[in-house]
Every structure is written in C-alpha cells, then in structure tokens.
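Given next are the chains, with one letter for each unit.
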Amino acid sequence: MVKGSLLQTTEDGKYSVHPLVQAFCRKESGSLDVGDEGDKAKHKFNQHYLKQIQILGKQFVSKDKASEAISTFRKEKANITEAFKNCFEDTTVREEKLNAIDVANSTEVLDFLTKVLPLKECTLLYEKCRKISRDCDDKERLADSLNSLGFRHLYSCGAAHPKADENIRALFQEAYDIRMALPEEKRKCQTHAHIISKLGLCYVFQVITFHL
C-alpha cells in the first residue's frame, strides 16, 4: 500500500492514509459494508486526536514544551484536521459535534490553533463551530464560538496595527449579548471574562483609529 501511495509514512515511523483515500472512504462509507466496526474505528480515531490537540495546547503554554508542541502538531496536522472534519461534517451524533466544539473553543486549544493554523483554515474551523452551535440552538456554545472567531480575527490584526473593524467588534458584541442573557452562574467563567475584555479592546481600538 505504501508503494502504491495509498499509505504514507511519517517521520516517526507511523502511517497515514492518503487524503484522496480518506475522501473516498468518507464518501462511500455507506456502500463499503464495514458496519459498526467502521463507525467505532472512526469514533476512536476522532477521540484520540481531539485529546491530542488538547495535550498540545497545554504543552504550548508550558515553559519548555512549546517547540515540541508545534513540531508534533505539524506531524499530526492532517489527522487532527480529519478528526474535526469527521465530527463537524460526517457524524450525525449531536454529542460528538458538541464535544468537538468544546475542544476547539477551550482556552488552550484556541490559543494554540490561532498561532499554528493559517488564518483561512483557522477561521473556517471556528465558522463551523459557530454554524453548528447556531443550528443546534446552543446559546452557550454559540457565544464561545463567536468569541473564538473574534479572537482569531483580532489576533490577525497584529499588535503593531492596533485596530479592529466593525465585523470583529460585532462578533464579540453578539457573544456578550448571548452571555448576558444566560443565567448568572453561566457567566462566571473564563470565556465570559475574555469576551468582555476583547469587546472593550475593540472599542479602544475604534477610538484610537478615529483619532488617527
């Protein structure tokens, strides 16, 4: 299979399935007659790599593991991306979709993906989180996804160019409005504090831009 390019070897001696083979298996899964075993294998795959990105996110903010986390991500990026794709696009199990959203929106993972994923890829990931949360009418996860999306766009502005356009502010404003409509105990969390601080930062940037 390696000679036929169906499998690719990685630097650490592991194997990865060629993207075209992955796409075929995803599209034709119903006709391949793999039964429950295929679903179980995919679920196990998804859970493993969602756990992996959480570990990498925590390593990234540790004192001596940042470089190692980035290196590991580069090797495993295709599998991590595939795990998110499986949960967001392929599964019909609501709990799996929402769990993947929680992983993506967690503080460590958000910060890590913002740094290591290109803007377009990262934006697409969090747009999917937003859409699924909205479709599921999950207000709390919708607010979290809006915060993540806003944070990614705000980060792309760069510290040397302190400005945020109206679209970015609107993301944080919607997240804030949703959060404020939730019960008080739901607002006592790190994400709510992040939303307030980033929304305030957008207003500060607007004032700076206006005076410039």
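Rules used throughout
- Residues numbered from 1 in each chain as written.
- Predicted model: local features only at pLDDT ≥ 70, side-chain atom pairs only at ≥ 80, totals over all residues.
- Heavy atoms only, no water.
- Helix = DSSP H or I, 4+ residues; strand = E, 2+ residues; numbered from the N terminus.
- Buried < 20%, exposed > 50% of the residue type's maximum accessible area, 1.4 Å probe, protein only.
- Areas by Shrake-Rupley, 256 points an atom, 1.4 Å probe, with all protein chains shown as cover.
- Salt bridge = Lys/Arg side-chain N within 4 Å of Asp/Glu carboxyl O.
- Bend = angle between axes of the 7 residues up to and from the residue.
- Phe/Tyr/Trp six-rings, centres within 6.5 Å; stacked < 30°, edge-to-face > 60°.

J.: Would you take a moment to explain the overall build of the chain for this structure?
T.: Helix and strand content of the chain: nine helices and two strands. Mapped in sequence order, the helices and strands of the chain form the string β-β-α-α-α-α-α-α-α-α-α. Split into buried and exposed, the 212 residues of the chain put 35% on the buried side. For the chain, the accessible area works out to roughly 12600 Å², and carbon and sulfur atoms hold 55% of it.

J.: Just to check I follow, could you spell out the pattern of salt bridges for this structure?
T.: Opposite charge on two side chains lets them pair, provided their charged atoms get close. A complete count under the given rule lists 15 salt bridges for this structure. Salt-bridge contacts for Lys 65 lead to Glu 68; the nearest nitrogen and oxygen are separated by 3.5 Å. Taking the relative accessible area as the measure of exposure, Lys 65 reaches 37% and is therefore partly exposed. Taking relative accessible area as the criterion, Glu 68 reaches 39% and is therefore assigned partly exposed. In this structure, the salt-bridge partner of Arg 179 is Asp 144, at a minimum N-O distance of 2.6 Å. Placement of the pair is Arg 179 in helix 8 (residues 166-180) and Asp 144 in helix 7 (residues 139-157), with a sequence separation of 35 residues. We classify Asp 144 as buried; its relative accessible area is 13%.

J.: What am I meant to see in unusual backbone geometry here?
T.: Phi is positive for Asp 137, which is not a glycine, with a value near 55°. As for its position among the elements, Asp 137 is in the loop between helix 6 (119-135) and helix 7. Given the relative accessible area of 54%, Asp 137 is considered exposed.

J.: Would you explain helix 3 (residues 66-90) in this entry?
T.: One full turn of an α-helix is made of 3.6 residues, so residues set three or four places apart face in the same direction. In helix 3, a bend of some 65° at Glu 76 exceeds every other bend along the element. Within helix 3 the residues assigned to the buried category are Ala 69, Phe 73, Glu 76, Asn 79, Ile 80, Glu 82, Ala 83, Phe 84, Asn 86, Cys 87 and Phe 88.

J.: I'm lost on the packing of aromatic side chains in this one. Help?
T.: Note on aromatic pairs: each is described by the distance of the centres and the angle between the planes. Here the structure, examined in full by the defined rule, presents four aromatic pairs. When the centroid spacing of 5.5 Å and the interplanar angle of 85° are considered together, the rings of Phe 73 and Phe 112 count as edge-to-face. One end of the pair, Phe 73, is in helix 3; the other, Phe 112, is in helix 5 (residues 107-116), with 39 residues separating them in the sequence. Across the pair, exposure class does not vary: Phe 73 and Phe 112 are buried alike.

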